[in-house]
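Residue-level listing of the chains:
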Amino acid sequence: MEAISKKIFLSLKMPDETAPISDAGRIQMALSVLGYNQVFIPLHVLRKLYPLCRDAGFDITVTMVKREWDWVLTDVEAGDTTKQHFGLAVDYGSTTIVMQLIDLNSGTVLREEKQVNGQTEFGTDILTRITYAMEDPFHKENLHQATVNTFHDLLDAITEATGIQTVQCPVMILSGNTTMIHFLLKLDAWTVFASPFTPVSSAPGFFWGSELGMQFEGQVYIIPAASNYVGGDIVSGLLSLDLHKKEEIGLFFDIGTNGELVLGNRDWLLAGAGAAGPALEGYISRYGMRAGEGTIDSIKIQDGQLQFTTIGNKRPIGICGSGIIDLIAEMRLNGWINIAGELNPAASTRIQRIGGELAAVYATAEESASGEPLYFSQTDIMQYLDTKAAAYTMIECILESAAIAFEDIEKCYLSGAFPAHSNLESAIAVGIFPDLPREKYKVLKNSSLDGARMLLLDRSRLDDIKDLLDRIYCIQFASIPDFLVRMQAAKFIPHTDMKRYPTIREKLL
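Given the structure is predicted, the values throughout are model-derived calculations rather than measurements.

Conventions and cut-offs
- Residues numbered from 1 in each chain as written.
- Predicted model: local features only at pLDDT ≥ 70, side-chain atom pairs only at ≥ 80, totals over all residues.
- Heavy atoms only, no water.
- Helix = DSSP H or I, 4+ residues; strand = E, 2+ residues; numbered from the N terminus.
- Buried < 20%, exposed > 50% of the residue type's maximum accessible area, 1.4 Å probe, protein only.
- Contact = heavy atoms within 4.5 Å.
- Areas by Shrake-Rupley, 256 points an atom, 1.4 Å probe, with all protein chains shown as cover.
- Lys, Arg positive; Asp, Glu negative; His and termini not counted.
- Charge placed at Lys NZ, Arg CZ, Asp CG, Glu CD.
- Patch = residues over 30% accessible without salt bridge, like charges linked within 9 Å, V, L, I, M, F, W, Y side chains within 5 Å.
- Salt bridge = Lys/Arg side-chain N within 4 Å of Asp/Glu carboxyl O.
- Pairing = 2+ DSSP bridges.
- Polar contact = N/O pair within 3.5 Å; in protein donor to acceptor, adjacent residues only side chain to side chain.

### As for the overall build of the chain
At step 1: Check the secondary structure of the chain and you find 15 helices and 22 strands.
At step 2: Over its C-alpha atoms, taken along the principal directions, the chain stretches across nearly 100 × 50 × 45 Å.
At step 3: Counting across all 509 residues of the chain, residues that qualify as buried make up 55%.
At step 4: Residue pairs in contact within the chain that sit at least 24 positions apart in sequence constitute 65% of those at least 6 positions apart.
At step 5: Here the chain has roughly 21300 Å² of accessible surface; of this, 51% comes from carbon and sulfur atoms.
At step 6: The averaged location of the 63 negative side-chain charges in the chain is 3 Å from the averaged location of its 43 positive side-chain charges.

What follows is the structure, given as structure tokens:
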């Protein structure tokens, strides 16, 4: 294992008049003999050399981080501290930030913590945050500080749990979408969304934690993006899969508030992205919400009776994305809604007229924690069908752009919070994903975090990232003339063309 950070114990001769070589020069010469050339020693480490090195008799441990063009010394310590070597991997999501502390000697994940991104205070969706940042110059600082505060909370939580001073780790690998990176760096994120869709930076590279406003002493590497919408989180996910090294044709789909797809193999890679919408994560309907205590996370209808489970086995207060998709799938399979998503009041007493429109009551007043019925309205269903149609149409269009049929997909990798916590059968029944043999699907918990950890533990992956970026060709779904027409066909459950969904058609017969 050759981690991106390296700790080396050096036992050097003390300086004397016969060899008046500087302390820094003495260290660089010793490292050069070991094969580590182009070692840069920054000012804050230079200031630490004296008197530390001489007090330690020049028995010292140096910590270095491999960058694209050189090694940079991040610390010098007295004695042999090589057994204490740790790094951080981060999935910097728009909704949730996940951080792992990893032992760089063994590769063991010592602790994982996650927290809601503090930026959500300024908007649950990215475009709202971009608009907020444009309203006032100080708002850009607010978004940046909200991010930094969340990072500090995570660093503190891991330190408290492990006793390891996370702020002193030599390196942090950070994976996030292009807009999130702009917020972190206090760059103008409007360039990501406005024509000609050219970010301020797609590959910002390495920074000291202090440059980013963090109380983190090491280097932070930001995994580069392939385009404005195909960000570093997707590149990180591809790195974890090695799609660019495989012969089989694979489809990688990271789906949440946004949907990013990459199709291809070792010979070619085609990528695209679009707005999937907040519906998949639960942010639609009066009672839709993020997963948490008391949210309905699964639904089953059997013999006309609706049954649900909640997170923490609490009385329900609302419904999250996995519960919504189960609800729609089960209602379709049991005749509560038709192919167009229209509710059928004759199918169940739970389908009632509320607020002037039909709605499906998934938790009665007697069942809910609030004492009032929880329901999903006809309007909610139609909004959800817009979202699911966009997801399916993106898959359809990227396949057609590559002249690939659905059956040519040999592996379909699904990443993101939505597929990780949802029932795959429900997602296919609704028509979000194609009706492929189930063994072709592989659901990934967090491919963005997996790729960041992989790079942390293997510095040669920097070359793989460069290779990936050179290979990926990005398409714009908005430029496809009949994209909206295709979406209309995909708004039905599962689709207007039922031949595309043979296993679902069989269940409906």
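Past the structure itself, the notes keep going.
### A closer look at a negative patch on the surface
At step 1: Together, E247, D267, E407, D408 and E410 line one region of the surface with negative charge.
At step 2: Looking at where E410 falls in the secondary structure, it is placed in the loop between α9 (378–401) and β20 (411–415).

### As for unusual backbone geometry
At step 1: Here the residue pair Y50 and P51 is connected by a cis peptide bond, since its omega of 10° sits within 30 degrees of zero.
At step 2: Note that P51 resides in helix α2 (residues 43–55).
At step 3: Here I493 and P494 are connected by a cis peptide whose omega angle stands at -5°.
At step 4: Assignment of secondary structure puts P494 in the loop between α14 (483–490) and α15 (502–508).
At step 5: Although it is not a glycine, F58 sits at a positive phi angle of roughly 60°.
At step 6: Looking at where F58 falls in the secondary structure, it is placed in the loop between α2 and β3 (59–66).
At step 7: For F58, a relative accessible area of 0% puts it in the buried group.
At step 8: Here D242, not a glycine, exhibits a phi torsion of approximately 55°, which is positive.
At step 9: Along the chain, the position of D242 falls in the loop between α7 (232–241) and β11 (250–255).

### Comments concerning the pairing of strand β10 (residues 219–222)
At step 1: Residue alternation in β10 divides its side chains into two sets, Q219 and Y221 and V220 and I222, and both sets are buried.
At step 2: For strand β8 (residues 171–176) and β10, the ladder comprises 4 bridges, and the chain directions are parallel. What sits directly across from V171, in β10, is Q219.
At step 3: When strand β9 (residues 205–208) meets β10, the two strands line up antiparallel, connected through 4 bridges. Residue pairing for β10: W208 is matched across the bridge by Q219.

### Examining the environment of E357
At step 1: Its place among the elements puts E357 in strand β18 (residues 357–363).
At step 2: Spatially, the C-alpha atoms of E357 and R266 are 52 Å apart, while their sequence positions differ by 91 residues.
At step 3: With residues up to four places along the chain from it excluded, the contact list for E357 reads Q352, S377, Q378 and T379.
At step 4: A distance of 3.4 Å separates the side chain of E357 from the side chain of S377, its partner in a polar contact.
At step 5: A polar side-chain atom of E357 sits 2.8 Å from a polar atom in the side chain of T379.

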